[in-house]
Amino acid sequence: MMTQLILFNIANGLIIGAFYALMAIGLSLIMSLSDVINFAHGGFLAVGAYIAYTLSPYIGFWGGLVVAPVLTALLGLIVEKFLISRVYGRDPLYSLLLTFGLAFILEDGTRMIWGAQSVPYAVPNWLMSPLSSQYFFLTGYRLLMIALVAIAVGGLFWVMNKTRLGLRIRAGTLDLETVSVLGVNVRVLRNLNFGIGIYLAGLAGVLAAGQLGLQPTIGASLIMPSFVAIIIGGLGSLLGTLLGGLLIGVASALTSVFVPSGTEAVMYVMMALVLLVRPQGLLGEEGRF
Amino acid sequence: MSGFDLRKQVPNVVVWLLLLTMPLWMNAVGGYTQLGTQVVVMGLAAMSLNFLLGYTGVLSFGHAAYFGLGAYGVGMTIRYLVPSTGIGMLVGTGVGALAAAIIGPMIVRLRGVYFAMVTIAFAQVFYFVAFRWNHVTGGDDGLTNWTREPINFGFATLHIEQDPVTFYYFVLAIFAVAVAVMALLLQSPFGRTLIAIRENERRTRFLGINVNFHIWASWLISCTFMALSGTLYALLNNFVDPRALYWTQSGVFVIMCVLGGMRSFWGPLVGAAIYVVLQDYLSSATPNWMSFIGLVFVVAVLFFPRGVLGIFRRKSVE
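All figures in this text were calculated on a predicted structure; none of them were measured in a lab.

Now for the overall build of chain A. Summing up its helical and strand segments, chain A has 11 helices and zero strands in all. Its helices and strands taken in sequence order, chain A reads α-α-α-α-α-α-α-α-α-α-α from the N to the C terminus. For 289 residues, the compact-globule estimate of 2.2 N^0.38 gives 19 Å, and the C-alpha radius of gyration of chain A, at 19 Å, lies within 12% of that figure. Along the longest, intermediate and shortest principal axes, the C-alpha atoms of chain A span 60 × 50 × 35 Å. Of the contacts made within chain A by residues no fewer than 6 positions apart, 76% connect residues no fewer than 24 positions apart.

On to the interface of chain A and chain B. Contacts between chain A and chain B engage 43 residues on the former and 39 residues on the latter. Carbon and sulfur atoms supply 79% of the area buried between chain A and chain B, which totals about 4,000 Å² over both sides. Its largest share of buried area at the contact with chain B, chain A owes to Leu97, Phe100 and Phe104 of chain A, together 16% of the area lost on that side. Summed over the shared surface of chain A and chain B, the number is one salt bridge. As a salt-bridge pair, Arg132 of chain B and Glu264 of chain A come within 2.9 Å of each other at their nearest N and O atoms. When residues of the side of chain A that touches chain B are traced back to their parent elements, those giving at least two are α3 (92-114), α9 (220-233) and α11 (265-277) of chain A.

Our focus in this paragraph is the pattern of salt bridges. Using the criterion set out here, one finds seven salt bridges over all chains in the structure. With a closest N to O distance of 3.1 Å, Arg243 of chain B and Asp241 of chain B form a salt bridge.

Turning our attention to the UniProt feature "transmembrane region" (unreviewed entry) in chain B. Residues and elements named next belong to chain B. Residues given the UniProt feature "transmembrane region" (unreviewed entry) here are residues 12-29, 88-108, 113-133, 167-186, 207-233, 253-278 and 290-312. End C-alpha atoms of residues 12-29 are separated by 22 Å, and the span's content is 78% helix alongside 0% strand. Helix makes up 77% of residues 253-278 and strand 0%. Its end C-alpha atoms lie 14 Å apart.

The next thing to look at is the packing of helix α1 (residues 2-34) of chain A against helix α10 (residues 238-258) of chain A. Residue and element names in this part refer to chain A. Interaxial distance between α1 and α10 falls to 6 Å at its minimum, and their mutual angle equals 145 degrees. The two elements α1 and α10 meet at a crossing, and its hand is right-handed. Residues of the contact of α1 with α10, tallied by class, amount to 21 nonpolar, eight polar and no charged.

Relative to the elements of secondary structure, Met2 of chain A occurs in helix α1. Apart from the residues within four sequence positions on either side, Met2 of chain A is in contact with Val257 and Phe258 of chain A.

This brings us to the UniProt feature "transmembrane region" (unreviewed entry) in chain A. Mapped onto this numbering, the UniProt entry annotates "transmembrane region" (unreviewed entry) at residues 6-29, 59-80, 92-114, 134-160, 192-212 and 265-283 of chain A. Helix makes up 100% of residues 192-212 of chain A and strand 0%, whereas the separation of the span's terminal C-alpha atoms amounts to 29 Å.

Take the state of the cysteines next. All names here are of chain B. Following the criterion strictly, the structure yields zero disulfides over all chains and no others. Residue Cys223 stays outside any disulfide, its sulfur separated by 13 Å from that of Cys257, the closest cysteine. In this structure Cys223 comes out as buried when scored by relative accessible area, which is 0%. Among the residues examined, Cys257 registers a relative accessible area of 0% and is labelled buried.

This paragraph deals with the side chain of Thr93 of chain B. All names here are of chain B. Relative to the elements of secondary structure, Thr93 occurs in helix α4 (residues 85-107). Classification of Thr93 by relative accessible area gives buried; the value is 14%. Reaching out from Thr93, the side chain makes a polar contact with the backbone oxygen of Met89 at a distance of 2.7 Å. Discounting chain neighbours no more than four positions away, the residues touching Thr93 are Thr224, Ala227, Leu228 and Thr231.

Moving on, we come to unusual backbone geometry. In this structure, Asp35 of chain A takes a positive phi of about 60 degrees despite not being glycine. You can see Asp35 of chain A is positioned in the loop between α1 and α2 (41-82). With a phi close to 65 degrees, Asn145 of chain B is a non-glycine residue in the positive phi region. As for its placement among the helices and strands, Asn145 of chain B is situated in the loop between α6 (134-137) and β1 (151-152).

What follows concerns α2 of chain A. The terminal C-alpha atoms of α2 of chain A lie 17 Å apart, and with 42 residues this falls more than 12% below the ideal 62 Å at 1.5 Å per residue. Ile59 of chain A marks the point of greatest bend in α2 of chain A, at about 130 degrees.

Tallied over the entire structure, the rule returns 32 aromatic pairs over all chains. Where Phe61 of chain A meets Trp62 of chain A, the ring centres are 5.1 Å apart and the plane angle is 80 degrees; that geometry is what we call edge-to-face. We classify Trp62 of chain A as partly exposed; its relative accessible area is 41%. One aromatic cluster is present, built from ring pairs that chain together Phe39, Phe100, Phe104, Phe227 and Tyr268 of chain A together with Phe61, Tyr127, Phe128, Phe131, Tyr246, Trp247 and Phe297 of chain B.

All names here are of chain A. Relative to the helices and strands, Leu143 is located in helix α5 (residues 140-162). Residue classification places Leu143 among the partly exposed residues on the basis of a relative accessible area of 43%. Separated by 12 residues in sequence, Leu143 and Leu131 place their C-alpha atoms 9.8 Å apart. Not counting the four nearest positions on each side in its chain, Leu143 is found in contact with Leu131 and Leu138.

Reading the values: the criteria
- Starting afresh in each chain, residues are numbered from 1 along the sequence in its written order.
- Numbering of ligands from 1 and lettering of chains from A proceed in the order in which they are written.
- Under the rules for a predicted model, residues below a pLDDT of 70 receive no local features and side-chain atom pairs below 80 are neither given nor counted, while totals for whole chains, interfaces and linings still include all residues.
- With hydrogens and water excluded, all non-hydrogen atoms of the structure serve as input to the side-chain values.
- In DSSP terms, a helix is any run of H or I states spanning at least four residues, a strand is any run of E spanning at least two, and both are numbered starting from the N terminus.
- In this setup the radius of gyration rests on C-alpha atoms only. A globule is expected at 2.2 Å times the number of residues raised to 0.38.
- Residues count as neighbours in contact if any of their non-hydrogen atoms are within 4.5 Å of one another.
- Two parts placed together each lose some accessible area; with a 1.4 Å probe, that loss summed over both constitutes the buried area.
- For salt bridges, the criterion is a side-chain nitrogen of Lys or Arg within 4 Å of an Asp or Glu carboxyl oxygen.
- UniProt positions are given in the numbering used here, feature names are shortened, and annotations may be inferred rather than shown by experiment.
- For helices, the fitted axis covers only the stretch in contact; all axes are lines through C-alpha atoms, and the angles between them, taken along N-to-C directions, range from 0 to 180 degrees.
- In this scheme the handedness of a crossing depends on how the near helix is turned from the far one: anticlockwise by less than a right angle means left-handed, clockwise means right-handed.
- Under the convention adopted here, Pro, Cys and the residues Ala, Val, Leu, Ile, Met, Phe, Trp and Tyr are nonpolar, Asp, Glu, Lys and Arg are charged, and Gly plus all remaining residues are polar.
- Cysteine sulfur atoms that pair up within 2.5 Å are treated as a disulfide.
- The cut-offs for exposure are 20% and 50% of the maximum accessible area for each residue type, with area from a 1.4 Å probe on protein chains only; residues under the lower value are buried, those over the upper are exposed, and the others partly exposed.
- Pairs of N or O atoms within 3.5 Å make up the polar contacts considered here, provided that, within protein, one atom can donate a hydrogen while the other can accept it, and that residues adjacent in sequence are counted only when both atoms are side-chain atoms.
- Expected helix span is taken as 1.5 Å per residue step, with the number of steps being one fewer than the number of residues.
- The reported bend at a residue is simply the angle between two axes, fitted to the 7 residues ending at it and to the 7 residues beginning with it.
- Whether two aromatic rings pair depends on their centres lying within 6.5 Å, for rings of Phe, Tyr and Trp, where Trp uses its six-membered ring; planes under 30 degrees apart make the pair stacked, over 60 edge-to-face, and the rest tilted.

Written as structure tokens, this is what we have:
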């Protein structure tokens, strides 16, 4: 029974950790290239989830899963183009405050449009039933989530390592000025990079809506652990961020079995330890920050 | 130091005249005394943050934690230990300073947005403690069943518990001492070193100055005064809840500094006044006050990056 309980919590932890990781990878992409902490990331996540909720009666669950993150990314491209790009090159303080204000507007906006109460997000029934009676926590939906997160992260790694866009983004995080001098349109690069980050947030939003329930604060509760995931994994390392997200997800799920009141605290303790022993993060490069 | 310049004293005189006479005109312009007290408390908080943000150039986004520690410190001392406002304030300020002193060494090596992210993440720890430890802190409902106590000096007793005007002047007296200490520190060689770090960290390092130690000291001073203002905030409301520690509150302190102007000593006080009055008005006028506050952030960043006092200063230079 105990093994089952622990397995159950590890599975839960991996799922929640996958959300943290999806969000954290997007945040980390934007932070590395544009030096912007996107506080509005949680707001975009919520918008993605609500778009899927609104569209799925017409285009179905699968349609929503495909379309909603794309629409969220489009919104992200617009916001970046008209607001965030205007504070590049200024003290990072201003971009922080700008995205902070956007976070307020997005959260209040979703509340205005869709209401403060939690709304049910319909997932096909056959996906929600357990696959086996002994491992009741393994539903099709959870496997689907894990698979989609794996595909999204794998796809991102492919883009970053095998395509010209990824090469330019990686080069830009190291020395944006040189990349610009070499003839790359940095404005477009940052815009696309922001869009990729928001796409991941939107995808996380749609998946989270089916698992955690949908209310306007859904993003706000995921953003802080995402910061912790970045710090633990190491800023600039996408693999590290992925690892950090999964690690804190599993750690807090396991802590909830033994010390329920320490569920949230454990990830911050881990963060403090990492900062003391290895300030650049588990897989981060030394000397970048 | 330059000689005594009478014109440079004009802002100081104006600010102090307004603060000292506040209870006389506040009701006439449609406010109430507690609103004025809130401006002074939030003003002290914003000025404390600006010691680090504006004068040392270090971007902290987690100052609400120390504000909240001060607030919970005074509330819990009065409720559980001794019914004394003075001891409560000492405990609250001390707890905030202690936490800052311990966390400081872990973060002084970091810079820029990374510093901001780590401070905000650390601040969440205290939020979750206040939220989860509910049989002591009251959890989400906040810490209630305590009130500020009259202060006995031996020869006289100051009755701050009922009359809002008496309490206002009590808060103003603390504010005056705190602000004077910060002003003196900023004019000392220590303060000049902080400004040097802000202007050019590398050059300051080459002069043989221990930059990380100075940032730690500035962080500690800033957080200590933050905790002090937190104790006043709790005393004002006779209540604390975890929202005083939440990360959005940290952002609110930063926007106060920016709204008023980070490069001037009184700027954060002006920013706090604007923010407190605006929020007081908006939260009673519209259920969507959050959107408007968000809009204030966006507009301030895009159009008034130097703050209200920055606009005046630029005009006077032209």
